[in-house]
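Residue-level listing of the chains:
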Amino acid sequence: MVLSGWQVYDASPIFPVLRFPSAITLGGWLGGALLWHFAIMWLLVANFLIYLGLNLASGRLLRKMLPINFKSLATDFVAALRGALGHEDLAHYNAVQKFTYLVVIVDIVLVILSGLAVWKSVQLPLLRTLMGGYDNARVVHFFAMSVLVAFFVVHVAMVALVPRSLLLMIRGR
């Protein structure tokens, strides 16, 4: 979805100095990129709704992600920066992980809502207005996507640093 979004972005960049090379975009041209983007968006929305629904219904979201307090978040963040964050029990999230996963959940909601505001701007005027107008919705969508890309890059790096976590991620337990 990101690759097709970058192709769409290149057709009308929000920030003129930022362009994405065609080697890392999908769709070949604006129309092709939009087709890919709109097709894949339904997978993102369906996957997210299923994930959120199952995690709320089972209580897993509240059990695994909360509580978070500022002291433990600050302590774990400093430990993570020093490379001293413990990974003894991979089934237990530290405060940084809890916070990050909650941010990603909120960010995906923002990606979906801002995407709808851009895609169906005329049909969803309230959503467009809440985003600050069409152009601001594009900026929100771009930055929300950037947060997801940054999360993905850090997540892959963390798996490289703690390889035994990969199987846990694939199996979900």
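Bear in mind the structure is a predicted one, so any value in this text is a computation, not a measurement.

Calculation notes
Residues numbered from 1 in each chain as written. Predicted model: local features only at pLDDT ≥ 70, side-chain atom pairs only at ≥ 80, totals over all residues. Heavy atoms only, no water. Helix = DSSP H or I, 4+ residues; strand = E, 2+ residues; numbered from the N terminus. Expected span 1.5 Å × (residues − 1). Polar contact = N/O pair within 3.5 Å; in protein donor to acceptor, adjacent residues only side chain to side chain. pLDDT = per-residue confidence, 0-100. Core = buried A, V, L, I, M, F, W, Y, C linked by side-chain atoms within 4.5 Å. Buried < 20%, exposed > 50% of the residue type's maximum accessible area, 1.4 Å probe, protein only. Contact = heavy atoms within 4.5 Å. Axes fitted to C-alpha atoms, helices over the stretch in contact; angles between N-to-C directions. Parallel < 35°, antiparallel > 145°, perpendicular 65-115°, else oblique. Nonpolar A, V, L, I, M, F, W, Y, C, P; charged D, E, K, R; others polar. Phe/Tyr/Trp six-rings, centres within 6.5 Å; stacked < 30°, edge-to-face > 60°.

### Some points on helix 5 (residues 95-119)
Phase 1: Relative to the 36 Å expected for 25 residues at 1.5 Å per residue, helix 5 spans 36 Å between its end C-alpha atoms, a close match to the ideal helical length.
Phase 2: At the N-terminal end of helix 5, a side-chain oxygen is found 3.0 Å from the backbone nitrogen of V96, two or three residues along, and the residue is N94.

### Considering the confidence of the model for the protein
Phase 1: Of all residues in the protein, 98% have pLDDT values of 70 or greater, and the mean over the chain is 90.
Phase 2: Across the protein, the element-wise mean pLDDT spans from 73 in helix 8 (residues 165-171) up to 96 in helix 6 (residues 125-130).

### Things to note about the nonpolar core
Soluble globular proteins: nonpolar side chains tend toward being buried together.
Phase 1: If you look at the biggest cluster of nonpolar residues, it comprises 11 residues: V45, F48, L52, L61, M65, Y93, Y101, V104, I105, I108 and I112.
Phase 2: Elements with a minimum of two residues in this core: helix 2 (30-58), helix 3 (60-65) and helix 5.
Phase 3: Among the elements that line this core, the one with the most residues is helix 5, at five residues.
Phase 4: Filtering out sequence-adjacent residues up to four positions away, I105 remains in contact with F48, Y51, L52 and L61.
Phase 5: Core analysis: the second largest hydrophobic core is formed by five residues, W6, Y9, F20 and M145 among them.

### What about the packing of helix 4 (residues 70-82) against helix 5?
Phase 1: Running from amino to carboxyl end, helix 4 crosses helix 5 at an angle of 105°, the nearest separation of the two axes being 7 Å. Taken together, the axes of helix 4 and helix 5 are roughly perpendicular relative to one another. Here S72, L73, D76 and F77 of helix 4 come into contact with helix 5, specifically with A95, V96 and F99.
Phase 2: Its residues placed into classes, the contact of helix 4 with helix 5 shows five nonpolar, one polar and one charged.

### Regarding the packing of aromatic side chains
Phase 1: One pass over the structure, following the stated rule, counts 11 aromatic pairs.
Phase 2: Ring centres 5.9 Å apart and planes at 75° place the aromatic pair W42 and W119 in the edge-to-face group. Taken together, the residues span a long stretch of sequence, with W42 in helix 2 and W119 in helix 5 at a distance of 77 residues.
Phase 3: Here W119 falls in the partly exposed class, since its relative accessible area comes to 29%.
Phase 4: Judged by centre distance (5.9 Å) and plane angle (75°), the rings of Y101 and F151 are edge-to-face. With Y101 in helix 5 and F151 in helix 7 (residues 134-161), this pair connects stretches of sequence that are 50 residues apart.
Phase 5: Pairwise contacts between aromatic rings join W6, Y9, F15, F20, F142 and F143 into one cluster.

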